[in-house]
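# Survey of secondary and tertiary structure
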Amino acid sequence: MQVDIVNKRENRLLKRMEIEFRVEDSKVTPSRKELRPKIAALVGGKEEEVVVDKLEQEFGSREVTGTAR
């Protein structure tokens, strides 16, 4: 499973980073618990502070897209 950051935006009003990501080569939809440490490592944050908001996967596709903050 490979996680890539597609878009990263800083929300200064709420003092947080909003991230759009893509997961490739996933046989099943990954859980939010599996994604948190990988996203935290990519952005240099703490795992406890990462919240995965949305996960989307089209039927028959191995690509998962989502958002986190």
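Described in the following lines is the structure provided in the data block. A quick note: this is a predicted structure, and the numbers were derived from the prediction, not measured. (Residues numbered from 1 in each chain as written. Predicted model: local features only at pLDDT ≥ 70, side-chain atom pairs only at ≥ 80, totals over all residues. Heavy atoms only, no water.)

## With respect to the pattern of salt bridges
For the coordinates displayed, the defined rule picks out 5 salt bridges. For the salt bridge of R69 with D53, the shortest nitrogen-to-oxygen distance reads 3.0 Å. Here R69, found in the segment after β4 (64-68), pairs with D53, found in strand β3 (residues 52-57); they are 16 residues apart in sequence, far enough to count as distant. Between E56 and K54 there is a salt bridge, with the nearest N and O atoms lying 3.8 Å from each other. K54 gets classed as partly exposed once you look at its relative accessible area, which sits at 40%. Several salt bridges converge on common partners, so that one network encompasses R9, R16 and E18. (Salt bridge = Lys/Arg side-chain N within 4 Å of Asp/Glu carboxyl O. Helix = DSSP H or I, 4+ residues; strand = E, 2+ residues; numbered from the N terminus. Buried < 20%, exposed > 50% of the residue type's maximum accessible area, 1.4 Å probe, protein only.)

## A few points about the sheet that holds strand β2 (residues 16-24)
Taking strand neighbours across the sheet as the criterion, the 4 strands line up as β1-β2-β4-β3 in an open arrangement whose pairing is antiparallel. Both edges of this open sheet fall to β1 (2-11) and β3, since each of them pairs with a single strand only. The mean inter-strand angle of the sheet, taken between neighbouring strand axes irrespective of direction, is 15 degrees. Sheet strands in contact with helix α1 (residues 32-43) are β1, β2, β3 and β4, and its direction is about 110 degrees off that of β3. (Pairing = 2+ DSSP bridges. Axes fitted to C-alpha atoms, helices over the stretch in contact; angles between N-to-C directions. Contact = heavy atoms within 4.5 Å.)

## Digging into the side chain of N11
Of note, N11 is situated in strand β1. Judged by relative accessible area, which is 14%, N11 ranks as buried. Polar contacts involving the side chain of N11 include one to the main-chain amide nitrogen of L13, which spans 3.3 Å. At 2.9 Å, the side chain of N11 forms a polar contact with the side chain of E18. (Polar contact = N/O pair within 3.5 Å; in protein donor to acceptor, adjacent residues only side chain to side chain.)

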